[in-house]
Amino acid sequence: MSVTAPRGFRAAGVVAGLKDSGTRDLALVVNDGPSRAAAAVFTRNRVKAAPVLWSEQVLKGGRVRAVVLNSGGANACTGAPGFQDAHATAEKAAELLVDSAGEIAVCSTGLIGERLPMDALLPGVDKAVAELSRGDGGLAAADAIRTTDTVAKISFRQGDGGYMIGAMAKGAGMLAPSLATMLCVITTDADLPAEALDRSLRAAARVTFDRLDSDGCMSTNDTVLLMASGATGAVPAEEEFTALLTEVCADLTRQLLVDAEGASKTIAIEVVGAASEDDAVTVGRSIARNNLLKCAIHGEDPNWGRVLSAIGTTDAVFEPDQLNVAINGVWVCRNGSFGDDRDKVDMRPRDVTITADLSAGPHSATVWTSDLTADYVHENSAYST
């Protein structure tokens, strides 16, 4: 049921005519309350799409009645007219829901640098409102936000006390920190204030979405929106809610990684023995972005030298002669030099784990990435067409 698993939410996914494929391309998620508490995290790219700029203003109030999401166009780098289009989208939804545009968030995804066809989008909002439901609406909405995604991505969990968290996400390319070129809507029927939702969402995103780094490219449109209806009246402890929310975000992160454009391998980079968590993330990020290593993994070559060279580009605390590297459990590098025979490494599975031990402290972190393939190059060389 995706975002409609929690009580108090309806959703729809419709064909508005934004995509040449004729598939679903506009989604709507509505919070029927009684609460409208909400929080969000957005891309840290300084070039922000118009819907991000609009939704950032909306979220300052800590309340969201509904969110309109479209695929088939990013509405990014479209200047003042693009912002007016985002505003008009919110106004249209507010008119139909008899509400305020100041509580309608907007999200877009697709090609950068083109205005949206508003003559198709606005009637699509009419259609979505007419098709709102709790039954099939959640799955239809998850389908409508896909771009190069091969599958819809959903997750939901039930917490103690009967409350639910449901979610949908899209993302398959430009997977990098600051949410991974993704749109994500998370709903809950727990009764929590906006301030608590904000703390929980930031804590969950920090160790999940923000550590997915498929190709080192940061989007202009990243948005993760959390809405609470309070429909169950359940008031979970913030720590408990954050833990469950993190489970949902981790599940979606895994789905995003598996569906990364052109990927044939999913790679977990575990950095241990770091002097600080920041050092561990920095090293993990450097390894994840090493194209030579990503090509080697695609070719099923356990080339640990690429790992050491990536570590060496960072400002993390370590001594080169104390570095250790394991690939799929085989310690191919010990004390900055050769270790076990690399022929012992089984590179055939899709899931690959690289463990980098800095021998500098007690901290650790995991960053996820994928291999670099000819399919990835092909897909992105032809993306605009």
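Since the structure is predicted, the reported quantities are computational estimates derived from the model, not experimental observations.

(A) Highlighting the overall build of the protein. Each helix and strand in the protein was counted, giving 10 helices and 15 strands. In terms of overall size, the protein behaves like a compact globule, its C-alpha atoms giving a radius of gyration of 21 Å where 385 residues would be expected to give roughly 21 Å. Overall size of the protein, expressed as C-alpha extent along the three principal axes, is 70 × 50 × 35 Å. Counting only residues that meet the buried cut, the protein has 57% of its 385 residues in that class. Of the contacts formed within the protein by residues at least 6 apart in sequence, a portion of 80% connects residues at least 24 apart. Across the protein, the mean location of the 34 positive side-chain charges is 2 Å away from that of the 50 negative side-chain charges.

(B) Expanded view of the pattern of salt bridges. Under the defined criterion, the tally for this structure stands at 26 salt bridges. Glu-277 is the partner of Arg-206 in a salt bridge, and the nearest nitrogen-oxygen pair spans 2.7 Å. You can see Arg-206 sitting in helix 5 (residues 194-206) and its partner Glu-277 sitting in helix 7 (residues 277-288), a full 71 residues away along the chain. Of the residues examined, Glu-277 reaches a relative accessible area of 28% and is grouped as partly exposed. Salt bridges here are not isolated pairs; linked through shared partners, they connect Arg-10, Asp-32, Arg-36, Arg-63, Arg-65, Asp-99 and Glu-103.

(C) Molecular detail of helix 8 (residues 291-298). Residues of helix 8 that are buried: Leu-293, Lys-294, Ala-296 and Ile-297. Buried residues of helix 8, viewed axially, fall in a sector of 160 degrees; they line one side. Elements that come into contact with the buried residues of helix 8 comprise strand 10 (266-274), helix 7, helix 9 (304-311), strand 14 (351-357) and strand 15 (363-370). The positive-phi residue at the C-terminal boundary of helix 8 is Glu-300, with phi of around 60 degrees.

(D) Focus on the domain arrangement of the protein. Domains assigned within the protein are domain 1 (9-259) and domain 2 (266-380). The partner domain 2 presents 17 residues to the 17 residues of domain 1 that form the contact. In terms of surface lost to domain 2, no three residues of domain 1 exceed Arg-211, Asp-213 and Leu-257, which account for 46% of the buried area on that side. Applying the counting rule to domain 1 against domain 2 returns five salt bridges. Taking the shortest distance from any N to any O, the salt bridge between Arg-289 and Asp-213 comes out at 2.9 Å. Applying the counting rule to domain 1 against domain 2 returns nine residue pairs in polar contact (both at pLDDT 80 or more).

(E) Region of the structure containing the UniProt feature "binding site: substrate" (unreviewed entry) in the protein. This chain's UniProt record puts "binding site: substrate" (unreviewed entry) on Thr-147, Lys-170, Thr-181, Glu-261, Asn-380 and Thr-385. Mapped onto the secondary structure, Thr-147 falls in the loop between helix 4 (137-144) and strand 6 (153-158). Residues within four places of Thr-147 in sequence aside, it is in contact with Ser-71, Thr-109, Gly-110 and Lys-170.

(F) Summary view of the side chain of Glu-103. With respect to the helices and strands, Glu-103 occurs in the loop between helix 2 (79-97) and strand 5 (104-108). Once residues within four sequence positions are removed from consideration, Glu-103 is found in contact with Arg-36, Val-58, Arg-63, Val-64, Arg-65 and Ala-66.

(G) Representation of the nonpolar core. Judged by nonpolar contacts, the single largest core of 55 residues is most densely connected at Val-29, Val-67, Leu-69, Met-168, Leu-225 and Met-227. Looking at this core element by element, the count peaks at six residues for helix 3 (residues 118-130). The residues touching Met-227, leaving out its near neighbours within four places in the chain, are Phe-9, Val-29, Asn-31, Ala-37, Ala-38, Val-64, Val-67, Val-185, Ile-186, Thr-187 and Thr-188.

What counts as what
- Position numbers for residues start from 1 in each chain and track the written sequence from start to end.
- At least 70 in pLDDT is required for a residue's local features to be given in this predicted model, at least 80 for side-chain atom pairs to be given and counted, and no such filter applies to totals for whole chains, interfaces and linings, which use all residues.
- Here the side-chain values reflect all heavy atoms present in the structure, with hydrogen atoms and water set aside.
- Per the convention used, a helix needs a DSSP run of H or I reaching at least four residues, while a strand needs a run of E reaching at least two, with both numbered from the N terminus.
- For the radius of gyration, the atom set is restricted to C-alpha positions; the globular benchmark scales as 2.2 Å times the number of residues to the power 0.38.
- A 1.4 Å probe rolled over the protein chains alone gives each residue an accessible area, and that area as a share of the maximum for its type sets the label: buried under 20%, exposed over 50%, partly exposed in between.
- Working rule for contacts: check all heavy atoms of both residues, and any pair within 4.5 Å makes them a contact.
- Note that His is not counted, nor are the chain ends; the positive residues are Lys and Arg, and the negative ones are Asp and Glu.
- Note that the charge is assigned to NZ on lysines, CZ on arginines, CG on aspartates and CD on glutamates.
- Salt bridges are defined as contacts in which a side-chain nitrogen from Lys or Arg sits within 4 Å of a carboxyl oxygen from Asp or Glu.
- Summarising the geometry, the arc corresponds to the directions from the helix axis toward the C-beta atoms.
- The domain limits used here are those given by an automatic or database domain assignment.
- Summed over both partners, the accessible area lost on bringing two parts together, with a 1.4 Å probe, is the buried area.
- By the criterion applied in these results, polar contacts are pairs of N or O atoms within 3.5 Å in which, for protein atoms, one can donate a hydrogen and the other can accept it, and in which residues neighboring in sequence qualify only through two side-chain atoms.
- UniProt positions are given in the numbering used here, feature names are shortened, and annotations may be inferred rather than shown by experiment.
- Throughout, nonpolar core names a set of buried Ala, Val, Leu, Ile, Met, Phe, Trp, Tyr and Cys residues whose side chains join them through atoms within 4.5 Å.

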